[in-house]
Amino acid sequence: MLGVLTMNFSKCLRLFSAIATFALLSIVLSTAADKNIALEERVLQLEELSGRRAVIRLDNKKFQTYVKSIPRNYSIIIMLTALQSHRQCGACSEANHEYEVVANSWRHSTTFSNNLFFAMVDYDDGPDVFNTLRINTAPVFLHFPPKGKRKAGDNMAVDRMGFSADAIARFVHDRTQIQIQIIRPPNYAAIALVLFVSTLVAALIYWKRNNLEFFCNKSIWATATLALLFTMTSGQMWNHIRDAPFIHTNHQNGEVMYVHPWSDSQLIVETYIVFALNAAVVIGIILLNEASAIKTAVGKRRVVALCGLGTVVFFFSLLLSVFRSKYQGYPYSFLIK
């Protein structure tokens, strides 16, 4: 009798174990299916949002849904910013323009896919996101990979790289291996400027049509040639190609930089400074040349020569100082370090 009871109990135990295993397996499979459905829904929603606007605006809830939720099979680039006027973040509006250029370039790319999305969180829309990520400055660019935890390299070094569209695209390629060809909208202001200058030159030629001797004026041609040389040697073409920012603000201490500290980058205002310094050195050389042409007034010649020499020495020292600030370790200086 005892053996029969033991046998029945053993069968019941095996049956209960099988039922429990089946129930647990069903729960696991159901949970996995729900997760897959949730992931597919999130991807479809992101595709719909990015179709409306290249940069998806997120608040606290959407950030948790699309960025923090797992599993995730897509990379997402987040810009943390503060665009409201009362935040007084001038760099944020500049960075936002460049960020939208990158996002739109990706959306119109032939390699566009749902493996990468661009989004932004404005501080006034999602302050909890800033607190969660321990971010107290803006703009900040972050990469959230599809798998695993974020690494140090997933934070874009804005202080070193800047936030131009090309810099952001390089950051994206470094973290996702996705190459984005930057496509900028037509610059109608530049076209209008060319048309204006062309019209002005045509009007001047028409006005002087009976006396075109000014075309043979050496001073006019010398001035125009020097202006072209100063424009090219100061880096204006680089600004046009790379779309450099006007100034750079250190977001750690708020310091405004007029000369970029890295040799592979530059600022628009920096090229104006180099332009002015080169022009000043040339003016000093012209004064020295003119002093040698003064034959009678010895005192005047001496004054002009000293002014020219002082101009060359002072402004060349400043020019060399700017060069030293960009190329750390350059050993030579003159008067001004």
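Residues numbered from 1 in each chain as written. Predicted model: local features only at pLDDT ≥ 70, side-chain atom pairs only at ≥ 80, totals over all residues. Heavy atoms only, no water.

1. A closer look at the overall build of the protein
Note the following rule: In DSSP terms, a helix is any run of H or I states spanning at least four residues, a strand is any run of E spanning at least two, and both are numbered starting from the N terminus. Each residue gets one of three labels from its accessible area relative to the maximum for its type: buried under 20%, exposed over 50%, partly exposed in between, using a 1.4 Å probe on protein chains only. The contact criterion used is simple: two residues touch if any of their non-hydrogen atoms lie within 4.5 Å. Here the accessible surface of atoms and residues is derived via Shrake-Rupley with a 1.4 Å probe, and residues count as covered only by protein chains that are part of the display.
On a plain count of helices and strands, the protein comes out with 11 helices and 6 strands. For the protein, the residues scored as buried account for 33% of the 337 residues in total. Across the protein, every contact between residues at least 6 apart in sequence was considered, and the portion connecting residues at least 24 apart equals 64%. Total accessible area on the protein stands at roughly 21400 Å², and carbon and sulfur atoms take up 63% of it.

2. Quick word on the environment of F112
Here F112 shows up in the loop between α3 (90-107) and β3 (116-122). Judged by its relative accessible area of 37%, F112 falls in the partly exposed class. With 68 residues separating them along the chain, F112 and I180 place their C-alpha atoms 9.2 Å apart. In contact with F112, other than residues within four places in its own chain, are W106 and R107.

3. Re helix α8 (residues 218-233)
We apply this condition: In this scheme, a helix's expected span is set at 1.5 Å multiplied by one less than its residue total.
The terminal C-alpha atoms of α8, which comprises 16 residues, lie 22 Å apart, in line with the 22 Å expected from a rise of 1.5 Å per residue. Of the residues trailing α8, G235 is marked for its positive phi of about 100°.

4. Overview of the confidence of the model for the protein
Here is the rule we go by: pLDDT is defined as a per-residue confidence score from the predictor, taking values between 0 and 100.
Summary statistics for the protein give a mean pLDDT of 80 and a share of 85% for residues scoring 70 or more. Here helix α1 (residues 2-52) stands out as the least confident element of the protein, with mean pLDDT 60; strand β4 (residues 140-144) is the most confident, with 93.

5. Comments concerning the nonpolar core
Generally speaking, nonpolar side chains in soluble globular proteins are found buried as a group. Stated formally: Here, nonpolar core refers to any group of buried Ala, Val, Leu, Ile, Met, Phe, Trp, Tyr and Cys residues whose side-chain atoms link them within 4.5 Å.
Within the largest apolar cluster, 28 residues are counted, with the highest numbers of intra-cluster contacts made by Y99, L116, F118, F141, M156 and I180. The element contributing the most residues to this core is α3, with 7 residues. For L116, the contacting residues outside a window of four places in its chain are S75, I77, W106, V172, T176, I178 and I180. Within the second largest apolar cluster, 22 residues are counted, among which are Y74, F117, A119 and V121.

6. Examining the packing of α3 against helix α6 (residues 165-176)
For clarity, the threshold we go by: To obtain an axis, a line is fitted to C-alpha atoms, over the contacting stretch when the element is a helix, and the angle between two such axes runs from 0 to 180 degrees between their N-to-C directions. Orientation is classified from the angle alone, with under 35 degrees giving roughly parallel, over 145 giving roughly antiparallel, 65 to 115 giving roughly perpendicular, and any other angle giving oblique. By definition, any crossing whose near helix is turned counterclockwise from its far helix by less than a right angle is left-handed, and any crossing with a clockwise turn is right-handed.
The N-to-C vectors of α3 and α6 enclose an angle of 55°; their axes lie 8 Å apart at closest approach. With respect to each other, α3 and α6 are oriented oblique. In this structure, α3 crosses over α6, and the sense of that crossing is right-handed. On the side of α3, the interface is formed by E98, Y99, V101 and V102, while α6 contributes A165, I168 and A169.

7. Here's the deal with the pattern of salt bridges
Spelled out, the test is: Salt bridges are defined as contacts in which a side-chain nitrogen from Lys or Arg sits within 4 Å of a carboxyl oxygen from Asp or Glu.
Under the criterion given, the structure shown has 6 salt bridges. A salt bridge links E100 to R53, with the shortest nitrogen-to-oxygen separation between them at 3.4 Å. Placement of the pair is E100 in helix α3 and R53 in the loop between α1 and β1 (55-58), with a sequence separation of 47 residues. Residue R53 is classed as partly exposed on the basis of its relative accessible area, which comes to 40%.

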